[in-house]
Amino acid sequence: MSRMYDMVQYFIPLIEAFIKGYCFYRFVEPFMSSKEMVCRICSSKDVKLSNPKARKSSFLSFCASKNKGAVYGSVAYFLTILLFYVTRFCMDVYVIFGMASLTMFLVICQIEKRNYRQKAFLVMTFFSLNWFAAAMAEILYDYLYASAMKTDFMQTHAELDFLLYVMMCIGNLMMEFVFTVIGIWQVVRVYTKKGGEMEIKELIMLGLPSLMGLIGYEIMRYYRVFYVLNTGKLERTYEGLTMLYCAVSSITIIVVIVLYQDIKAKQEENQQTKLLTTQMDSIRRHVEQVESLYYHMRSLKHDMTNHILTLERLYEGAEREEAKAYSKGLKAELAHLTGGIESGNPVTNVILQEFVKEAGSRGISFHSQFYYPVDSNIDALDISVILNNALQNAIENTREGKDQQISIVSYQRNHAYMMEICNSFHGNLKWDVESDLPTTTKEKEDSHGYGLKNIRSVTRKYAGDIDITLKDGEFCLCIMLMIQ
């Protein structure tokens, strides 16, 4: 019988380590779903856009998510505990699980080399929640086991002691698993911005509840063990307070995360408001420039009769060279007014002119084949929001130099109005899990992401969407709007 007890005591810690490894995998998986680009070119050369099925498959590309970090991290956790267990290395269990968590942290950082502070927070939070769950399960296990052994039935059926022991061990594992799952499920649920970068201040704020909770529990655990060894019995009041402390510590971790997410949401709301204000100022400036252009066009129209009479007199006098020079001057004045951009709408003309000038000042080649969808249900204000955000992103993410370029093309196929804004791009894209949009394409991350979100918001007003491709050093944003 003693050998059977030994076998159970041998395998229970291994099963417990396996369960904890699985729980860790389920915990970090939503945070480790880093996206990789699926490179597809959305153009009329490759796809017959008249075919709705072909157009949809070309435009909407899905990205494969990788969870290697979560899998390898959980395996490393289990193997580290197994190594300590097999070698019978004498060390406090607190330290053993700490070493396993450290190994787990190093593995997931090696697999996904980004957002290390968030990974440190995840490992620390998992360690604390799992430890609190194990403590609560152990207290309930001791209480239930002691109560069962004192029953009359067990007093008269001593042959069932081993079966009771096995059942209680299984119950302990189940309770620990349930408590752990509840804790990590709540953290995953309330932590909404899983793909966001975590700052050092945020790590300190979110990590303090776990750290202080673990320190407090370790003190209580020390006195609990000391009391049991000296008295040989369990103090129910102390056990209840310990369990309450673990539960409150777990709840505190979740509450702090909720408050943190609220703060982040308000920061993003303020940033969006700031970005919207900037865009409105930009649109107001465009309107002023359009008004100025309209004034100059009226002046030119007013003088057009005189210009025509002058040209007629020059041709009547056979002064062809002077007539050509005069005509050339009129064309130059008209080109100066329009900036050489004729997109079919004065607002889009002004926007494109500004970005052509800005690209030229940076030494970036700018090519435009953009045409406004005249006689359509698409509002010029919505098109201006798309152009401002898309071209600003392109300018900011293109290096200065003669070999760098930005291009914008628009075309219509049946009821689909398409725009492609492409720019030279050197680097890697990181993706936000919730929005499925790049998160670090800008050096300044304070306003990043809102531009693409604003573009997507506009496209969905017209039953459209956006697609992003990266190929051969070129970033391409494809935009589709459906025209009624």
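Bear in mind that the values here come from a model prediction, so they are computed numbers and not experimental data. (Residues numbered from 1 in each chain as written. Predicted model: local features only at pLDDT ≥ 70, side-chain atom pairs only at ≥ 80, totals over all residues. Heavy atoms only, no water.)

Section: helix 13 (residues 380-396)
Quick reminder: α-helices carry 3.6 residues per turn. Residues three or four places apart thus point the same way. The end-to-end C-alpha distance of helix 13 is 24 Å, a good match for the 24 Å that 17 residues give at a rise of 1.5 Å each. Of all 17 residues in helix 13, 14 are buried, a share of seventy percent or more. Near the N-terminus of helix 13, the side chain that reaches the backbone nitrogen of L381, with its oxygen 3.1 Å away, is that of D379. (Helix = DSSP H or I, 4+ residues; strand = E, 2+ residues; numbered from the N terminus. Expected span 1.5 Å × (residues − 1). Buried < 20%, exposed > 50% of the residue type's maximum accessible area, 1.4 Å probe, protein only. Polar contact = N/O pair within 3.5 Å; in protein donor to acceptor, adjacent residues only side chain to side chain.)

Description of the sheet that holds strand 5 (residues 416-424)
Here we have five strands laid out as an open sheet, ordered 3-4-5-7-6, and mixed in their pairing. The open sheet has two edge strands with one neighbour each: strand 3 (365-369) and strand 6 (465-471). Strand-to-strand twist across the sheet, computed as the mean angle between neighbouring axes with direction ignored, equals 15°. Where helix 12 (residues 346-361) meets the sheet, its contacts fall on strand 3 and strand 4 (405-413), and the angle it forms with strand 3 comes to roughly 160°. Sheet contacts for helix 13: strand 3, strand 4, strand 5 and strand 7 (474-482); angle to strand 5, the most-contacted strand, approximately 20°. (Pairing = 2+ DSSP bridges. Axes fitted to C-alpha atoms, helices over the stretch in contact; angles between N-to-C directions. Contact = heavy atoms within 4.5 Å.)

Comments concerning the environment of M136
Looking at where M136 falls in the secondary structure, it is placed in helix 5 (residues 116-149). Judged by its relative accessible area of 9%, M136 falls in the buried class. Along the sequence, M136 and Y245 sit 109 residues apart, while their C-alpha atoms lie 9.5 Å from each other. Setting aside residues up to four positions removed in sequence, M136 forms contacts with F179, M243, C246 and A247.

Quick word on the pairing of strand 7
Counting buried positions along strand 7 yields seven of nine residues, so the element is predominantly enclosed. Direction of pairing for strand 5 relative to strand 7: antiparallel, over a ladder of nine bridges. Residue pairing in the sheet places A416 in a bridge with M482 of strand 7. Sheet analysis places strand 6 next to strand 7, joined by seven bridges and oriented antiparallel. For K471, the partnering residue across the bridge sits in strand 7 and is E474. Between the end of strand 6 and the start of strand 7, which pair antiparallel, lie two residues, with D472 showing a positive phi angle near 50°.

Details of a nonpolar patch on the surface
Together, M124, I200, I204, L208, L211, M212, I215, I219, Y222, Y223 and F226 make up an exposed nonpolar region whose accessible area comes to about 1,100 Å². The greatest single-element share of the nonpolar patch, amounting to 10 residues, is contributed by helix 8 (residues 200-231). The residue L208 is located in helix 8 in this model. (Patch = residues over 30% accessible without salt bridge, like charges linked within 9 Å, V, L, I, M, F, W, Y side chains within 5 Å. Areas by Shrake-Rupley, 256 points an atom, 1.4 Å probe, with all protein chains shown as cover. Salt bridge = Lys/Arg side-chain N within 4 Å of Asp/Glu carboxyl O.)

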